[in-house]
Amino acid sequence: MLPQTVFNRVPRQAMAEREQAMWDGADALHGDTTFVEVMANSPQTLRWYIDRFYGELFHSGRLDRKLVELVRLRLANVHGCAFCNRADRIAALEAGLGEAEVDAIGDYANGPYSPAQKAALQLADVMVLTNPAGSVDKPLYDRLRNHFSDAELVELGMIMAVLTGVAKFIFAFDLVEKEDTCPFIPPAGR
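Keep in mind the model is a prediction, meaning the values are calculated, not measured. Residue numbers here run from 1 along each chain, matching the order of that chain's written sequence. This being a predicted model, a pLDDT of at least 70 is required before a residue's local features are given, and a value of 80 or more before pairs of side-chain atoms are given or counted; all residues contribute to the totals for chains, interfaces and linings. Calculation of side-chain values draws on the structure's entire complement of heavy atoms; hydrogens and water are dropped beforehand.

K.L.:
Break down the packing of aromatic side chains for me, citing the residues and quoting the values.
P.N.:
The geometry of an aromatic ring pair is captured by the separation of the ring centres together with the interplanar angle, meaning the angle of the planes. Stacked, edge-to-face and tilted are the three classes for Phe, Tyr and Trp ring pairs, Trp counted by its six-membered ring, which pair at centre distances within 6.5 Å; planes under 30 degrees apart are stacked, over 60 edge-to-face, the rest tilted. Inspection of the entire model under this criterion finds 10 aromatic pairs. Arranged with centres 4.2 Å apart and planes meeting at 10 degrees, the rings of Phe7 and Phe173 form a pair that is stacked. Placement of the pair is Phe7 in the segment before α1 (17-30) and Phe173 in the segment after α9 (150-172), with a sequence separation of 166 residues. Any residue under 20% of the maximum accessible area for its type is buried, any over 50% is exposed, and the rest in between are partly exposed; the area is computed with a 1.4 Å probe on protein chains only. For Phe7, a relative accessible area of 36% gives the class partly exposed. Residue class for Phe173 comes out partly exposed when judged on its relative accessible area of 29%. Centroid distance Phe53 to Phe58: 6.1 Å. Interplanar angle 55 degrees. Geometry classified as tilted. Each member of the pair, Phe53 together with Phe58, is buried. Within the aromatic cluster, the residues linked to one another by ring pairs are Phe35, Tyr49, Phe53, Tyr54, Phe58 and Phe83. A run of H or I in DSSP counts as a helix once it spans at least four residues, and a run of E counts as a strand once it spans at least two, with each numbered from the N terminus.

Function cannot be inferred from these measures alone, as they are strictly geometric.
In structure tokens:
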């Protein structure tokens, strides 16, 4: 389902060069530029998201890139974001995950993942928007601590929190294409 946002769309020609490049990338990959057009209303917010969140946290190098790409893909998969799934699949493969790992994300418990990856994916299932009562209990914490320090878990949790918060934002503002299975499509839109 393509987005039908009520928000003002900034035309490409009115954007700065950097946002125009983002527009071009979104158009080439998704055939839809709604996210960039609406975010261009506040270019400093878009730059914060790209430069600060992705540049300083997501791609900090403190956590294995394959791991953060894997949890991002899991979150997008559960949330039903077609826009995200397309881009995140490419990023996961570029990070070194194999096709089998990417394809098994829906059944990760039986997938070709390391114990550390499976524990991180369990944490992702706690963090997803569809699990509002999710919390880290002692057994999950113990599984996670077998592979990660508390500092790494805080960073991984914050990455997931920002990603899920942005997912809520892009769904509430109707900025991205959704899968037919997306649990956030309003009933009138199904």
